[in-house]
Amino acid sequence: MDRAFQRTQILNNHLLQSSPSSPVQSPPLSSNACLSYSPPELPEFFAFDVKEMRRLIDWHHIELRDHLFAMISQSKLFNPRVRGGKVFVSPDYNQPMEQQREITSKRIDYLFERGVFEGWLTEKGEEIDLRRFASFEALAIFDHSLGIMLAVHFFLWGGAIQVFGTKHHHDKWLKDTETNVVKGCFAMTELGHGSNVRGVETVSTYDSNTGEFVINTPCESAQKFWIGGATNHATHAIVFSQLNINGANQGVHAFIAQIRDANGKVCPNIRTADNGRKIGLNGVDNGRIWFDHVRVPRENLLNSVADVSPDGKYLSSIKDPDQRFAAFLAPLTIGRVSIATSAVYLSKVGLTIAIRYALTRRAFSLKPHEPEVLLLDYPSHQRRLLPLLAKTYAMSFASKYLKMLYVKRTPQSYKTIHVFSSSFKATFTWNNLHILQECREACGGQGLSSENHVGQMKAEYDVQSTFEGDNNILMQQVSKALLAEYVAAKKRKKAFKGLGLEHMNKPSPAIPSQLTSTTLHSSQFQMDALCLRERDLLNRLAVEVSHYQAKGLSKEHAFNMSYQLAEDLSRAFTDRAIFQTFAEAEATLAAGSLKDVLGTLRSLYGLICLEDAAFLRYGYLSVDDGALVRREITKTCGEIRPHALALVSSFGIPDAFLSPIAFNWIDANAWASVQH
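Residues numbered from 1 in each chain as written. Predicted model: local features only at pLDDT ≥ 70, side-chain atom pairs only at ≥ 80, totals over all residues. Heavy atoms only, no water.

Asks: What is the right way to look at helix α7 (residues 167–178) in this model?
Replies: An α-helical segment advances 3.6 residues per turn. Residues three or four places apart therefore align on the same side. With twelve residues, α7 should cover 16 Å at 1.5 Å per step; its first-to-last C-alpha distance of 16 Å lies within 8% of that length. Within α7 the residues assigned to the buried category are H169, W173, L174, T177 and E178. Down the axis of α7, the sector holding all buried residues measures 120°, keeping them to one side. Along α7, the residues that are exposed and aim more than 90 degrees away from the buried face are D171 and K172. Packed against the buried residues of α7 are α4 (97–113), α6 (144–164), β7 (236–245) and β8 (248–258). The positive-phi residue at the C-terminal boundary of α7 is N180, with phi of around 70°. (Helix = DSSP H or I, 4+ residues; strand = E, 2+ residues; numbered from the N terminus. Expected span 1.5 Å × (residues − 1). Buried < 20%, exposed > 50% of the residue type's maximum accessible area, 1.4 Å probe, protein only. Arc of directions from axis to C-beta. Contact = heavy atoms within 4.5 Å.)

Written out as structure tokens, the structure reads:
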């Protein structure tokens, strides 16, 4: 009993804030004053011109982007709602799937009526290409379903007609596509084949008696699967199938087939079914298509690479089937380019929300009676978010490089575009998912709310890692292309040229035995280290593949056995390529505050690249070097911290496209808001 009494007395003294030896009791603990919201703009300062920074990272069609943002913000179709005294626009992801699809279609009609897509398919040149990219990036910020429906219609259906078709296809289909008279979809993927397009099982057989192709789904695994627009909206499809001429298979070709009439009724001998509800992207009517000996005119073969004469002769200037297939698919890179560039903008939204919240949300006091500490003033929180901010700036500059590659494309540059679009699409979308997940967690429980976007965005954009090419397979293609360049250069005994491999012609860089802080932050050192890793891994991959081939394995089998080196190489290539665009952007700036801040960001990005396990795994850095890199990352995050608000403000994302926790989250959750 004495022990129980003693414990009770201690607890009583603690609650009453009295000392056991003091006969005088202190007053009970008083509650803290209620929290109040203080805008992050009040204590923060901008050391550089955020408009100038936005011009640097957006760099084209900024007025068009802002015009589209305003167009969306001003229409009730885009679900405006008031929270905490501010208006926000975002889809209602709690709606049933059918309603999400219906409202997505209405939003597309709204944009068509306002001429947003004028010239998208009927005009040519760099200006219209960049206008399309800017519009797509702005619209995708609002809703991925909206962006995907437009991408399928314009980039895949319309793009296929542009690049696979010839003049009579352009004259017949492009204008009607641009004005939404024809609603197109892209029927490539099948239940049994996705990334392996050459293996699709749908068959098109030419009937010379009628001058028609007969498209058929011969088995269940040949059904077209995950086709955006197939369930409800598409009237026509680009159908990828094996072409059979007089019993000979000529490989995969593309055909135009009507699947619905103008009233939305499915055409004869065609069946469609819904793919059902997904973890995200439910505003897109993904569906399945079966063809039962559907006849289409001979003219519906998209014939820029190969044709069939009226009497059934197969005609192509490219005799080798492998080269023909490569030529056939090479121009279809705009899908990967647009996915890569839009992923960067989604990362910008997530980081803007999370960093603004971290600049107003407090947790714990370091000392009694002191205010609680802002989340972003904790070094651990800085370490979570600020390297991702540097990575997003790096992706912005790499995105500019990729878009310029595309808009200046020539037949000779298709291979380069394929490698960079594969590399950047995979890396940017992986980065985006990681960034959104970290931002979701950094927002705590608020990140779970769909109205706060970040968690919901991750579900909506998860598909990016597998559509338009599975990311792992795309990165394998990057390594294969690098290996092919290496073998060709060694065989010809000529210098490396292209894909950024020119650094292979110089002496191999050396990492100093004693690294210092100054050295680690040097742009030249960071570039040298990234080049060293890339060239060494390329050499290692070539040796290992040759070793397996010497044992009797085929080239493909040997490469598959070397997949770990191939993965490390593709990551090394990508990191070096992205860093190079960042360093070049920094070098173009005149001395001043903008260059200083961007240089610190570039330095942070370079450091997180050096943190990759490959630098220790292959011995480029010592364990002590790795520890120094880690310390320098923490220090550099602290240097970025004062500029965090300015850096996310430079993204130019309008307030309405963010979320309540990016602003007055107390008022947004007040009882008055519940009553409203």
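Asks: Please explain the packing of aromatic side chains as it appears in this structure.
Replies: Note on aromatic pairs: each is described by the distance of the centres and the angle between the planes. Per the stated rule, a full pass over the model turns up 29 aromatic pairs. Measuring from centroid to centroid gives 5.0 Å for Y206 and F213, while their planes differ by 55°, and the two rings are tilted. In this structure an aromatic cluster arises from ring pairing among F112, F117, W120, F136, F154 and F155. Looking at K86, its charged tip hangs above the ring of F663, at a distance of 4.6 Å from the centre. (Phe/Tyr/Trp six-rings, centres within 6.5 Å; stacked < 30°, edge-to-face > 60°. Lys NZ or Arg CZ within 6 Å of the ring centre and 35° of its normal.)

Asks: Just checking my understanding: could you explain the side chain of S570 for this structure?
Replies: Position of S570 among the secondary structure elements: in helix α17 (residues 563–587). When residues no more than four places from it in sequence are discounted, the contact partners of S570 are M475, V478 and S479.

Asks: Looking at this structure, I do not really get the UniProt feature "domain: Acyl-CoA oxidase C-terminal" (unreviewed entry) in the protein. What am I missing?
Replies: The UniProt entry lists residues 526–658 under the feature "domain: Acyl-CoA oxidase C-terminal" (unreviewed entry), expressed in the numbering used here. With 77% helix and 0% strand, the stretch residues 526–658 has end C-alpha atoms that lie 35 Å from each other. (UniProt positions renumbered as here; feature names shortened; annotations may be inferred.)

Asks: What is the right way to look at the pattern of salt bridges in this model?
Replies: Any two side chains of opposite charge can pair, given that their charged atoms come close. The tally for this structure, following the rule as stated, stands at 38 salt bridges. Residues K403 and E137 are paired through a salt bridge, measuring 2.9 Å at the closest nitrogen-oxygen approach. Remark: E137 occurs in helix α5 (residues 126–142) and K403 occurs in helix α10 (residues 379–407); sequence separation between them is 266 residues. Its relative accessible area of 1% is what places E137 among the buried residues. Ionic pairing is found between K224 and E190, a salt bridge with its closest N-O pair at 2.9 Å. Of this pair, K224 sits in strand β6 (residues 224–227) while E190 sits in the loop between β3 (184–187) and β4 (203–207); the two residues are 34 residues apart in sequence, bridging distant segments of the chain. There is no split in this pair, since K224 and E190 are both buried. Beyond isolated ion pairs, a larger network of salt bridges with shared partners links R54, D58, D66 and K348. (Salt bridge = Lys/Arg side-chain N within 4 Å of Asp/Glu carboxyl O.)

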